[in-house]
Amino acid sequence: MQIHIQKAEKSRLEAFNFDNFSFGIETTDHILVAQYAQNQWAEAKIEPYREISLSPLAMCFHYGQTVFEGLKAYKQSAGIINIFRLDKHAERMNKSLRRMCMPEVPRELFIEGTKQLVNLERNWISDKEGYSLYLRPFMIATESRLGLVPSQEYLFMVVATPMASYYSKPLKVKVEREYVRAVEGGAGAAKNGGNYGAAFYPTIQANTQGYDQILWTDAQTHNYFEESGTMNLMFIVNGTLLTPPAGSTVLEGVTRDSVLQIAKHIGISVEERPISIAEIQNHFESGSKIEAFGVGTAAIIAPFSQIDINTKSYIPYFEADAQMFVLKKHLQNIRLGISQDIWGWNTLL
Ligand SMILES: Cc1ncc(COP(=O)(O)O)c(C=O)c1O
């Protein structure tokens, strides 16, 4: 596939301090850009990172046709770069795009474009433990026009930003029973911008009450767990891994999929099924050993140290020998090329 590459004259890497940076503020030197108009994609370009200019009437500003992905590239030993589950993210991007009436990104554009961008930025990937390059492919509606119809023009871009470990401490979470993230038949299974904008208000309310995150519940009854922030939700109860199904209200996480496959492979029994709050509460109250954690690209596996359900607080198990850390280690070993990549998850550069 033809991708025109214009290299930056000077890298900003020298001025970047890997020991002191905030996630998501500084980008690498380049950006991938591809335009869609008149029912076709123009040739993709990798250019020096730059700002973009859009008409105030660009439809993304008004009707929310914006979709994004988030994945990571790691540095393995001997300087090999690994983009983790690139294919799966390409697939999910297109699933989200279909839901938002936006044209799909050709698989080759997503895959080759991301590979070539990462290859150019390989020096931005630190091999320090927990470090990676976070990749943000995204697409926005750019047609300059008011009117409630899908845009005819789009911009697909990929930007990259260095990342260290995401959450440094276990999370205190609250079961949310007032606000909802998604409803059956809505767009909760898509990674469109609006889902995240609408989550800010309840999340900030919870933050001001001292919580790190919310555990979303179903819109109809508020009695079943769904997911949490930018993570899918998992419990390990007396050795069995439980996770809510990834239906129309839950984003089908790539980390979720990886963790479930690893769990089955190492002999942990897995149940993907609706999990009621009452069930988990009963387990806590009967003294079962419960691990509770979020799984997602950014956080990988984030243990919960406290779950508040209505006015009661429950403390899951998160000591170093918890099974979630065994799963995390397996996942990391595959990413870092320490264990065999039996499922073909790694794209090596
Ligand atoms: C709402 C939501 N749920 C779950 C996830 C976890 O998905 P993944 O493992 O693909 O990062 C994310 C992150 O993309 C998310 O935004």
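A quick note: this is a predicted structure, and the numbers were derived from the prediction, not measured.

A. Molecular detail of the overall build of the protein chain. Along its length, the protein chain carries seven helices and 19 strands. Radius of gyration (C-alpha) of the protein chain: 21 Å, near the 20 Å computed for a compact globule of 349 residues. Here the analysis covers contacts within the protein chain between residues at least 6 apart in sequence; of these, 71% occur between residues at least 24 apart.

B. Summary view of the pairing of strand S14 (residues 240–243). Sheet topology places strand S13 (residues 231–237) next to S14; three bridges connect them, and they run antiparallel. Paired with Ile236 across the strands is Leu241, a residue of S14. Once S13 ends, the chain turns through two residues before running back antiparallel as S14, passing Asn238 with a positive phi of about 45 degrees. Of the pairings in the sheet, the one linking S14 to strand S15 (residues 269–272) comprises four bridges and is parallel in character. Across the sheet, the residue bridging to Leu242 is Glu271, located in S15. Since S14 and S15 lie parallel, the crossover through helix H5 (residues 254–265) that links them has a hand, and here it is right-handed.

C. Structural view of the site of the ligand. Taken together, Gly70, Glu227, Thr230, Met231, Asn232, Leu251, Gly253, Val254, Thr255, Arg256, Gly296 and Thr297 make up the full set of residues adjacent to the ligand. Contributing elements (two or more residues each) for the shell around the ligand: S13 and H5. Top element by residues in the shell around the ligand is H5. It accounts for three residues.

D. Local environment of the environment of Val149. As for its placement among the helices and strands, Val149 is situated in the loop between strand S8 (132–141) and strand S9 (154–163). Val149 sits 86 residues away from Tyr63 along the chain, and the two C-alpha atoms are 8.8 Å apart.

E. Layout of the nonpolar core. Within the largest apolar cluster, 79 residues are counted, with the highest numbers of intra-cluster contacts made by Leu133, Met139, Met234, Phe235, Val259, Phe293 and Ile301. Each of domain 1 (3–165) and domain 2 (171–335) accounts for three or more of the residues forming this core. In contact with Phe293, other than residues within four places in its own chain, are Met234, Ile301, Ala302, Pro303, Phe304 and Met324.

F. Structural detail: the domain arrangement of the protein chain. Per the domain assignment, the segments of the protein chain are domain 1 (3–165) and domain 2 (171–335). One C-alpha centre belongs to domain 1, the other to domain 2, and the line joining them spans 27 Å. Taken together, the contacts link 19 residues of domain 1 with 13 residues of domain 2. With six residues, helix H2 (residues 86–99) is the single largest residue contributor to the side of domain 1 that touches domain 2. Here the side of domain 1 that touches domain 2 is built from residues that sort into six nonpolar, six polar and seven charged.

Criteria and thresholds
Residues numbered from 1 in each chain as written. Predicted model: local features only at pLDDT ≥ 70, side-chain atom pairs only at ≥ 80, totals over all residues. Helix = DSSP H or I, 4+ residues; strand = E, 2+ residues; numbered from the N terminus. Rg over C-alpha atoms; globule rule 2.2 N^0.38 Å. Contact = placed C-beta atoms within 7 Å. Pairing = 2+ DSSP bridges. Right-handed = clockwise from strand over helix to strand, strands pointing away. Near = placed C-beta within 6 Å. Core = buried A, V, L, I, M, F, W, Y, C linked by C-beta atoms within 7 Å. Buried ≥ 20, exposed ≤ 12 C-beta atoms within 10 Å, placed from the backbone. Domains from an automatic or database assignment. Nonpolar A, V, L, I, M, F, W, Y, C, P; charged D, E, K, R; others polar.

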